[in-house]
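# Close look at the chain arrangement
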Amino acid sequence: MSLTNKFFSLLGFPEPISLKRFNSKNSLPENVVLLSISKQINSNIEQALLQLPTNIIKSASDLTEKSIAALIIDATNYIDESSYQQLYLTVKNTLRHLDSNAKILIIAHAQSPNKNVDENTFSQSLIGFSKSLAKEVGRKASTTNIIFIADEAHDSHLALSNPINFFLSSKSSFISGQTLTINAVNNLINPPSKTKKIAVVTGAGQGIGSAIASRLFDEGYFVIGIDIEPMKIQLTNVMKTLQGESVILDVSANDAGSKLVTLAKQHGGFDLIVHNAGITRDKTLAKMPENLWQQTLNINLLSVMRINKALLMEQSINQGGRIICLSSMNGIAGQGGQTNYACSKAAIIGYVKSMNTKLAREKITINAIAPGFIETQMTKKMPFFTREMGRRMNALGQGGLPIDVAEAVTFLGDELSFAISGQTLRVCGLNIIGT
Ligand code: NAD
């Protein structure tokens, strides 16, 4: 154990169990245990699971000798007060069978004005339950998340299988205590006839951006990586290995939108754009010079809005396209010295929420990802103690890796994620900040 780890162990942050991350061999566990808090199992969940390469085990009595790597709790059928007790019993009785690196997924109905008070109260209770459970099982590198099904999502099995797959696989290892909602499922369109989909990633020269570019290349995209002049060599090297295209462009430049429109025309439109480029320029507000305020807002927020506006006006994002913006945990919780950064990253959450309705007509989805502590150059710059605490202060007791964000991008960018839009997914190991 390193000296630093020993020191933090003494402070009550024991050395964590390593997270099992995705490789082509460990996509989904062989068996998924599916238990309901009522007598019946939701047919949409069952149908969704049938589309996945895994066996479904439906009875807790079959578990005695087996260990559980993936557990789905069907909480869609709230009956009465006894449902709380059923929730308790169903989950409690399976916990001792849980493997390390296990995935627990709760599926329930989203709150809505069409539901009665008791049903809505129960749905909300699941959030507290799941976050607390996530903190308990996190010690074993296991996660707990929720998928809510919205009222309008009839035939939700079509939309459920991809998020179920994601949350049960090691692609979501650093995501815990989070919720995603399946919205209306009328967004599915036939995949574009193009042989290769085009993805654009801003800030692709290093860190999270280069991991996203590389993961999208693995998924078969032609990737266009964008970064600023000082990153030219790094960007060129990244894009060379990915057989992609490097574009030197400051996203906050006045002509960034029009340059990207021209590029989109050359490629038959973009299918996925990932607004990843971002900066921190930390100072307390009292000491913040206007240029640092403005630069941060320009790069992290205003350029995203301007570029999307230009691309959408010229129909440069194809039907069925995906827009993914990088927000941040600090945009949710706030952080002293980061009024500029947190303002821009919180705005991104509001932006994707409100753009969602506008884009639904064109069957384009827009979502945000809010990373917590991810090991990159950005977090390397943090003062020693803040950094060491930052990487440990979550349910999994460790920092995330750029690949964790890249997996979330790949998931939201998938054509099968058509029913998820306007949402922000935290990739933070359930960091105690902002939860
Ligand atoms: P990083 O600093 O390692 O990389 C950012 C990249 O963006 C760099 O290559 C940089 O050159 C590029 N860039 C900066 N300004 C640009 C501009 N004007 N035009 C084009 N490219 C520009 O950062 P990272 O840690 O990889 O973070 C990536 C994104 O994730 C950022 O939006 C960041 O705010 C967000 N984020 C990161 C963390 C983390 O823990 N690392 C946490 C929360 C959010």
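So, on to the site of the ligand. With respect to spatial proximity, 28 residues lie near the ligand, and among them Asp227, Asp250, Asn276, Tyr341 and Thr376 are the closest. Here a nitrogen atom of the ligand and a backbone polar atom of Val251 are 3.0 Å apart. Lys345 places a polar side-chain atom, nitrogen or oxygen, 2.9 Å from an oxygen atom of the ligand. When isolated, the ligand has an accessible area of 820 Å², and the protein chains bury 95% of it. Among the elements that take part in the shell around the ligand, helix α12 (residues 377–380) stands out by supplying three residues, more than any other. For the shell around the ligand, a count of residues per class yields 14 nonpolar, 11 polar and three charged.

Looking now at the side chain of Ser328. Structurally, the position occupied by Ser328 is in the loop between β11 (317–326) and α10 (329–333). Dropping the residues within four chain positions of it, Ser328 is found in contact with Tyr341, Lys345, Ile369, Ala370 and Pro371.

So, about the domain arrangement of the protein. Structurally, the protein comprises domain 1 (28–182) and domain 2 (198–427). A straight line from the C-alpha centre of domain 1 to that of domain 2 covers 30 Å. Across the contact, 21 residues belong to domain 1 and 23 residues belong to domain 2. For the pairing of domain 1 and domain 2, the buried interface totals around 1,800 Å² over both sides, and the portion due to carbon and sulfur atoms is 69%. There are zero salt bridges connecting domain 1 and domain 2. Going through the elements one at a time, α4 (117–137), α5 (157–168) and β6 (179–182) are the ones with two or more residues in the side of domain 1 that touches domain 2. Counting residues per element, the side of domain 1 that touches domain 2 draws most heavily on α5, at six residues. Residues that form the side of domain 1 that touches domain 2 fall into these classes: 11 nonpolar, seven polar and three charged.

All right, on to the pairing of strand β7 (residues 198–202) then. Side chains on a regular strand alternate between the two faces of the sheet. Within β7, five of the five residues are buried, leaving the element largely enclosed by the surrounding structure. Every second residue of β7 is oriented toward a common face, with Ile198, Val200 and Thr202 on one face and Ala199 and Val201 on the other, all of them buried. The sheet contact formed by β7 and strand β8 (residues 222–227) spans five bridges and is parallel. Bridging across to β8, Ala199 finds its partner in Val223. At this point the chain moves from β7, through helix α6 (residues 207–218), to the parallel β8, and the crossover so formed is right-handed. Across three bridges, β7 lies against strand β10 (residues 270–275) in parallel orientation. Each residue of the ladder has a partner; that of Val200, found in β10, is Ile273.

What counts and what doesn't
- Residues numbered from 1 in each chain as written.
- Predicted model: local features only at pLDDT ≥ 70, side-chain atom pairs only at ≥ 80, totals over all residues.
- Heavy atoms only, no water.
- Near = heavy atom within 4 Å.
- Polar contact = N/O pair within 3.5 Å; in protein donor to acceptor, adjacent residues only side chain to side chain.
- Areas by Shrake-Rupley, 256 points an atom, 1.4 Å probe, with all protein chains shown as cover.
- Helix = DSSP H or I, 4+ residues; strand = E, 2+ residues; numbered from the N terminus.
- Nonpolar A, V, L, I, M, F, W, Y, C, P; charged D, E, K, R; others polar.
- Contact = heavy atoms within 4.5 Å.
- Domains from an automatic or database assignment.
- Buried area = accessible area lost by both parts, 1.4 Å probe.
- Salt bridge = Lys/Arg side-chain N within 4 Å of Asp/Glu carboxyl O.
- Buried < 20%, exposed > 50% of the residue type's maximum accessible area, 1.4 Å probe, protein only.
- Pairing = 2+ DSSP bridges.
- Right-handed = clockwise from strand over helix to strand, strands pointing away.

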